[in-house]
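# Chain and residue survey
Listed below are the residues making up each chain.
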Amino acid sequence: MEQSEPTVNDCLVFSVNGERFEVSTIHPSTTLLEFLRSHTPFKGAKLSCGEGGCGACVVLLSKYDPVLDQVDDFAVSSCLTLLCSINGCSITTTEGLGNIKNGFHPIHERFSGFHASQCGFCTPGMCMSFFSALVNAQKTQRPEPPLGFSKLKVSEAERAIAGNLCRCTGYRPIADACKSFAADVDMEDLGFNSFWRKGDSNEVKISSLPLYNHNDKICTFPEFLKNETRSSLLLDSRRYSWNNPVSLEELQSLLGSVEDGNGTRVKVVVGNTGMGYYKEVESYDKYIDLRYIPELSMIRRDNNGIKIGATVTISKAIEALREYSKGGLYSEGDMVYKKIADHMEKIASGFIRNSASLGGNLVMAQRNHFPSDIATVLLAVGSTVNIMNGLKSEELTLEEFFRRPELDSKSILLSVKIPSWDQITGISSGAKMKLLFETYRAAPRPLGNALPYLNAALMAEVFHCKTSNGIIISSCQFAFGAYGTKHPIRAAKVEEFLTGKMLSVGVLYEAIKLVRGIVVPDDGTSSPAYRASLAVSFLFEFFSHLVEPNPESHDGSVDGYSTLLVKASELKRISNQLDHGKIPTLLSPAKQVVELNRQYHPVGEPIAKSGAALQASGEAVYVDDIPSPMNCLHGAFIYSTKPYARVKGIKFKPKSLPDEVSSLISFKDIPGENIGSKTIFGIEPLFADDFTRCAGQYIAFVVADTQKHADMAANLAVVDYDVGNLEPPILSVEEAVRRSSFFEVPSIFNPKKVGDFSRGMAEADHKILSAEIKLGSQYYFYMETQTALAIPDEDNCIVVYSSIQCPEYAHSTISRCLGIPEHNVRVITRRVGGGFGGKAIRAMPVATACALAAYKLRRPVRIYMNRKTDMIIAGGRHPMKITYSVGFKSDGKITALHLDILINAGIAADISPIMPHNLLGALKKYDWGALSFDIKVCKTNHSTKSAMRGPGEVQATFISEAVIEHVASTLSMDVDSVRSKNLHTFNSLKFFYEGSAGEPVDYTLPSIWDKLASSSRLKQRTEMIKQFNMCNKWQKRGISQVPIVHEVSLRPTPGKVSILSDGSVAVEVGGIELGQGLWTKVKQMAAFALSSIQCDGMGDFLEKVRVIQSDTLSLIQGGFTAGSTTSESSCEAIRLCCNILVERLTPIKERLQEQMGSVEWGTLILQAQSQAVNLSASSYYVPDFSSMKYLNYGAAVSEVEVNLLTGETTILQSDIIYDCGQSLNPAVDLGQIEGAFVQGIGFFMLEEYTTNSEGLVVTEGTWTYKIPTIDTIPKQFNVEILNSGHHTKRVLSSKASGEPPLLLAVSVHCATRAAIREARQQLLSWTGLCKSDSTFQLEVPATMPVVKNLCGLENVESYLQSLLS
């Protein structure tokens, strides 16, 4: 076939899912994601963080190389990729893989069947990250896989989604869905799914999976694009241009044409990933894309090393380094390249490395002091860079490059050269030299996607001196970086000190003292002492195998060289292994034990979540996916940065303000009340009036033509504050107490004391008095940020689409704010992209502000809040200060506990007055003998705190465990025996939980406790851990078993069921689908209840049922979707409706049966219609007061390993048994249990939600706020759902699963504490001190700096000193 002539276009040409797009006018700052979401029908790629840190926006980008005639496919973050940079490329989104009309892709179907999608907001990005791995594995030379599988390996399948965040599932089912495609998967290892039943053979399992045929390739690059060629000037208008120079000369002339001082802002771009870190507040005039200049994109290898052009992506650099190290014999120089490549793989995530350039990373490090890993590693190996400034180019060492003044916009980095260490060491190898090289980084996530606290690269040449029988350091190069200094540094003093010296404990100790003096973080750096200790740890780890006593030598002498030779051969073996793809997997096979109950079929069946495949294919519609109506405006909030101040006015920085800003709306524009949210405890204003009362309070709402312009305008707003003659703000609970600033707790929410505290204390043998605990906050991190769309309607009405957990409350808030009757307002919610309590009260002002702006401007107004603003205004979990006194017997039985709790509620009541009640519900899980308390809900000038999954209960669980641990430590008793000693009997349970304890048969905790100890092999593992801790100096393990008792309440809930003329059924409920499977359970209940009429042809009745979106005018009194019980309440409401309909239909069915014998469902409905039977029924389920509250039980055992050098905690295994009663849907409940537990790990171990001294949140994105990822969850995660028989007063004997399991994550924290205790005992033995007080407080979250601090920031020095003495 003849190739047609290429066409040259001055506009942008690309394809999306095979569809051609041509764009001639667009601002160069437009991202691919903005274009996809506003100019195409493809809304699968989602905006979540806008920083490249979450993966929700991942798409596949495909480029054609005409020289090699091949297509390069890779995943990219579309929120950072500039549209102009994809000229001539093809984009595939999840919709391009498959859809409901043409059939879903096996990825979509397997994600659904493995229950790997809950709220679904992250799922399209997950699918595309995985699809990219699938496509690229297919291009390898690996053997053909069996039918149904791909060439992917299990380890690659897991790592494919390592950069993607999910807040709902806990990742295990996502990993299983991906692993099901791997050629080397063991089918037995795949978890619970809807494809096969327990006990099925492998053949049956494989045939049950949706078929994947690796030969059915999706065309990622359409033929028509191959003939497009690029123009070097792509976009040109009077205001802005995008340029694609193809030579260095053209680049110089472009840079030269920009005169200094004429105000033209130039942006030089390659992958644009730097924008994720350094946000653009204003836009540029001229964009210059460097990727088409051959000199900048080359990779050259020779004997002297490897030269990599500045625009080569990090992924391509990794490939090149690995290729180089594969050539021929595996040498020490190859080892250096391989280790550099391995380290680079821990930078960001795959979809960022695919577009981020090597040069861009180094320039950010030089110019902006970015904490780069690449800079540190390349500095250690003696790399050089080539710089072009004007007409001259020069070669500099990396050290010189960093010492230079910051590069100006006309200087361009051309290339980086990494020398070959075979050449360098070959020259000096008179003696038998050995090259050692290691790179290190300590970061909150092992696989990357997190900035390091410190990174290091250490290199040394050593040889064995026969005369002295020691190891001599011939030369060394040490680099440290990212520890809170401008640039990475070479530790020259340490290098000089060690060069020529014979290695010994004493020499290493002196070197470490020098490192302490060199690695000093700048003022204002977080955890400075921890960062400095890491440099010591890494230097010690580098040399430790050469200086530590060899246990195998009889005299205990240091014989490091033989170890070194062993290490070299071991290294070769490992490298060969890695070349053959033996990368360890992240997760071990896990067990999910589920007992099915078919009594109420299809209720109790583990069917896949309703709409999961639709979520995976990107077709599920969230609020921000609704197409913008004509003339739609976009809003953004201007918030206060002061805790208490007079607001004198708002100005904008005039030069930069976009022309397209339409309006600024404040409290002065409100026609009704200044109300933004309401609860039973009061209201919170929508906007600050003349005073702002907390940092993060809304001051105004700015409206513009696009979300980007609205956000820019809000960023450019300057609020004029005045604090003259004002009282200082209240910024701590202590200050609130001093000034008696409290919220009143209504008596019905005031819990009662239990027993006689004074008597309990009198009975005690021991007492702990006034011990203190502090707990911080936690951010929701729903994947979909706050969002709403308001559309004015006829006759002074307004329709609002809101992502909210309580539309009914938003409805009345909007009505009061606009001063219109409630029948003029309609709030519609279809699905919510994650809520966790943050889309309840906190979503109301977002919907109200949009409604107010739309009402005032008579135009549709929408908002999709950026992540930074969302984090600043969210409030989050309640921080607390707790003081406790406890009395106990010598055998560990506690006799009395008193608690003084100060809760920081922030500026408005929200739901805070309910916190004392919630706290006590979970605190009473142990038999304290007597329990008294004084709980104050403090009003402070912090942002309003709100309900977050398990509000109060999570903190209470931690408090309980802290008390138990403290008692055990005081008595030097095993903590698990103290727990067992204080578990409730049924009598004590009834005494503590008056009215909600149920019957003795309902109290399943004792049997769960024993069963879990047995199934998790707690006793045997505890012994094994003792052995492990004796044999390992720098790793310590801990294990802990923890129970929970969690009280929940049912609330009144409405329902409505309508049978349509074709027999299909439409269902409405008050509960909102947040990802918790509420719609799925409701569908099952409707199918079960209507099936009781027993017509023919009711086979798969589930298919006839659809749950429709919530509409506040169609179904009133919807209430709150919160507290874990809305699913069962909604199910019961629907059962009542169906019972009414069955009652109406039964007489007709009986008459038809007499005439016809058998009756089809469709016939029955037509007959009912013809007889004017009302086929719609509504109900309002009000729970019986006697059974409104009940208790949930569960227990968990977790085992962790702590690295004493870095403070890193690895969760080796978690085992859970949780009582779900008779589960309405075990698949959904299992997902809730795992997801809640992992969210709990976030609270207890990782997530720091911090503020500055004025209460303004400073962790404002994915760079600083770290939720769990696939590499931080338990390596082995076993869950058993206990089917505890009949609970007559429950909805079909079911129990809640949404929040209680989150509390079980405290087991991880307790296990960490156990490991730290071992580390501290070892430290005491090194320092020679007698046993000190073994009691210590482990903070929440137990981050790496916190853990390392408790294990000893100077533990390496203490160890070396112990060897020296």
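Use the structure listed above.
Before going into details, it helps to say that this report is about the structure given with it. (Residues numbered from 1 in each chain as written. Predicted model: local features only at pLDDT ≥ 70, side-chain atom pairs only at ≥ 80, totals over all residues. Heavy atoms only, no water.)

At the junction of H601 and P602, the peptide bond is cis and its omega measures out at 0° in the coordinates. Mapped onto the secondary structure, P602 falls in the loop between β21 (592–594) and α20 (612–616). Look at the link from V1340 to P1341: it is a cis peptide, with omega at 0°. Position of P1341 relative to the elements: it lies in the loop between α38 (1306–1327) and α39 (1344–1351). (Helix = DSSP H or I, 4+ residues; strand = E, 2+ residues; numbered from the N terminus.)

Bringing the sheet that holds strand β46 (residues 1276–1282) into the picture now. With mixed pairing, the five strands of this open sheet are ordered in space as β21-β46-β45-β44-β38. Of all strands in the sheet, those with a lone pairing partner are β21 and β38 (1035–1049), marking the two edges. Adjacent strand axes in the sheet meet at a mean angle of 10°, parallel and antiparallel pairs treated alike. The pairing of β21 with β46 spans three bridges and is classified as parallel. Each residue of the ladder has a partner; that of V593, found in β46, is E1280. Lying on the sheet, helix α32 (residues 1018–1031) is in contact with β38, β44 (1189–1203) and β45 (1209–1219); it crosses β38 at an angle near 145°. Against the sheet, α38 contacts β38, β44 and β45, and its axis sits at roughly 150° relative to β38. (Pairing = 2+ DSSP bridges. Axes fitted to C-alpha atoms, helices over the stretch in contact; angles between N-to-C directions. Contact = heavy atoms within 4.5 Å.)

Let's shift gears to the packing of helix α17 (residues 505–518) against helix α40 (residues 1355–1364). Between α17 and α40, the least distance of the axes is 10 Å, while the angle of their chain directions is 155°. Classified by the angle between their axes, α17 and α40 sit roughly antiparallel to one another. For the pair α17 and α40, the sense of crossing is left-handed. Of the residues in α40, those touching α17 at V505, G506, L508, Y509, I512 and R516 are V1356, E1357, L1360, Q1361, L1363 and L1364. (Parallel < 35°, antiparallel > 145°, perpendicular 65-115°, else oblique. Left-handed = near helix turned anticlockwise from the far one by under 90°.)

Below, the discussion takes up the pattern of salt bridges. Taken as a whole and judged by the stated rule, the model has 68 salt bridges. Between E605 and R197 there is a salt bridge; the shortest N-O distance is 3.5 Å. Highlighted residues: E605 in the loop between β21 and α20 and R197 in the loop between α5 (172–179) and α6 (202–208), separated in sequence by 408 residues. Linking E1254 and K642 is a salt bridge whose minimum nitrogen-to-oxygen distance equals 3.5 Å. Taken together, the residues E1254 in the loop between α36 (1226–1246) and β46 and K642 in the loop between β22 (633–639) and β23 (645–652) connect sequence positions 612 residues apart. Taken together, the shared-partner salt bridges connect K925, E961, E965, D976, R979, R1313 and R1317 into one network. (Salt bridge = Lys/Arg side-chain N within 4 Å of Asp/Glu carboxyl O.)

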